[in-house]
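Reading the structure
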Amino acid sequence: MTEERAQGTRRGPGRPRQAHVTRAVLDAVVELVAESGMGALTMDAVAARAGVSKPAMYRRWPTKQDLVIAAAESRIGPLAVPDMGDFRTELRAVLTARMEAYRRPGVDRLLAGVIGSAAEAGAETGAYRDYTSRVMSETRHLLERGVARGDVRPDVDVADAATLVAAALVFRMVGEQRMPDASLVESVVDMVGRAVSTQP
């Protein structure tokens, strides 16, 4: 057996276990929030539900905010949309993917919890900012690609436009307590598309 294969054999067993712990903990967070809300979310409760030790959790997520953000990103993480040749089509793909993620059980409460935890005293605002930046990165990319392609106006403020896109579905779900649907997706595509497009 070569040294490379031997090393691979030695390292292998740890990886599935680490992935299992991560998956079990993040699933436990979502389940607890879905069942009982953020008030039920403690490190003790998550450890018990996931069947892992608290030290194992703290090594990965030093704070409850880190844990909540990681759980949210496991459900609502970055995505990639290929070049479809049209900004509106690409925007519809992003919004549809987000809508489907938001409609999964527990995600509405979880996302509300992420937003709420960012406003708590002592919260690390940079962690929340970094998370939202990752989640919104594909919308910014679509806008920049649209500018380069010529179907998005070059004077559009990409950061502001990306915020408008993200806010519509999130506020419908968290602020209005209604699930975003295909009708809202089409409205946002139409309104944002008309606002930023080089075409009438």
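Residues numbered from 1 in each chain as written. Predicted model: local features only at pLDDT ≥ 70, side-chain atom pairs only at ≥ 80, totals over all residues. Heavy atoms only, no water.

A few points about the side chain of Arg75
Among the secondary structure elements, Arg75 is positioned in helix α5 (residues 64-75). A polar side-chain atom of Arg75 sits 3.0 Å from a polar atom in the side chain of Asp27. Apart from the residues within four sequence positions on either side, Arg75 is in contact with Leu26, Asp27, Val30, Ala101, Arg104 and Val107. (Helix = DSSP H or I, 4+ residues; strand = E, 2+ residues; numbered from the N terminus. Polar contact = N/O pair within 3.5 Å; in protein donor to acceptor, adjacent residues only side chain to side chain. Contact = heavy atoms within 4.5 Å.)

Examining helix α3 (residues 43-50)
Taken together, the buried positions of α3 are occupied by Met43, Val46, Ala47 and Ala50. Projection of α3 onto a plane perpendicular to its axis shows the buried side chains occupying an angular sector of 100°, all on one side. In the segment just after α3, Gly51 is the residue with positive phi, at about 75°. (Buried < 20%, exposed > 50% of the residue type's maximum accessible area, 1.4 Å probe, protein only. Arc of directions from axis to C-beta.)

Looking at the environment of Asp157
Along the chain, Asp157 falls in the loop between α8 (125-149) and α9 (158-175). In this structure Asp157 comes out as partly exposed when scored by relative accessible area, which is 42%. Taking the C-alpha atoms as reference, Asp157 lies 9.9 Å from Glu144; in sequence the two are 13 residues apart.

Notes on unusual backbone geometry
The phi dihedral of Gln177 falls on the positive side, at around 60°, and the residue is not glycine. Along the chain, Gln177 turns up in the loop between α9 and α10 (182-196). Residue classification places Gln177 among the exposed residues on the basis of a relative accessible area of 64%.

Comments concerning the confidence of the model for the chain
The pLDDT averaged across the chain works out to 87; a share of 90% of its residues lies at or above 70. When mean pLDDT is compared element by element in the chain, α10 scores highest at 97, while helix α1 (residues 3-11) scores lowest at 39. Per-residue pLDDT stays below 50 along residues 1-16; that stretch engages in two contacts with residues further than four places along the chain or on separate chains. (pLDDT = per-residue confidence, 0-100.)

Here we look at the pattern of salt bridges
Oppositely charged side chains can form a pair if their charged atoms are brought close together. Under the defined criterion, the tally for this structure stands at 14 salt bridges. The salt bridge partner of Asp27 is Arg75, with a shortest N-O separation of 3.0 Å. Of this pair, Asp27 sits in helix α2 (residues 14-36) while Arg75 sits in helix α5, placing them 48 residues apart in sequence. Asp83 is the salt-bridge partner of Arg149, the closest N and O atoms lying 2.7 Å from each other. Highlighted residues: Arg149 in helix α8 and Asp83 in the loop between α5 and α6 (87-102), separated in sequence by 66 residues. With a relative accessible area of 28%, Arg149 lands in the partly exposed category. We classify Asp83 as partly exposed; its relative accessible area is 49%. Overlapping salt bridges, with partners in common, bring together Asp83, Glu90, Arg145, Arg149 and Asp151 in one network. (Salt bridge = Lys/Arg side-chain N within 4 Å of Asp/Glu carboxyl O.)

Concerning the layout of surface pockets
Considered as a void within the structure, the largest pocket measures approximately 390 Å³ in volume. Residue lining of the largest pocket: 20 residues in total, with Tyr102, Val135, Met136, Ala166 and Val170 positioned closest to the centre. Sorting the residues of the lining of the largest pocket by element identifies α6, α7 (107-118), α8 and α9 as the ones contributing at least two each. Each residue belonging to the lining of the largest pocket can be placed in one class, and the counts come to 16 nonpolar, three polar and one charged. (1 Å grid on protein atoms, 1.4 Å probe; cavity = no way out; pocket = protein on both sides within 12 Å on 5 of 7 lines; lining within 4 Å. Points joined across faces, edges and corners; volume = space filled by probe spheres on them. Nonpolar A, V, L, I, M, F, W, Y, C, P; charged D, E, K, R; others polar.)

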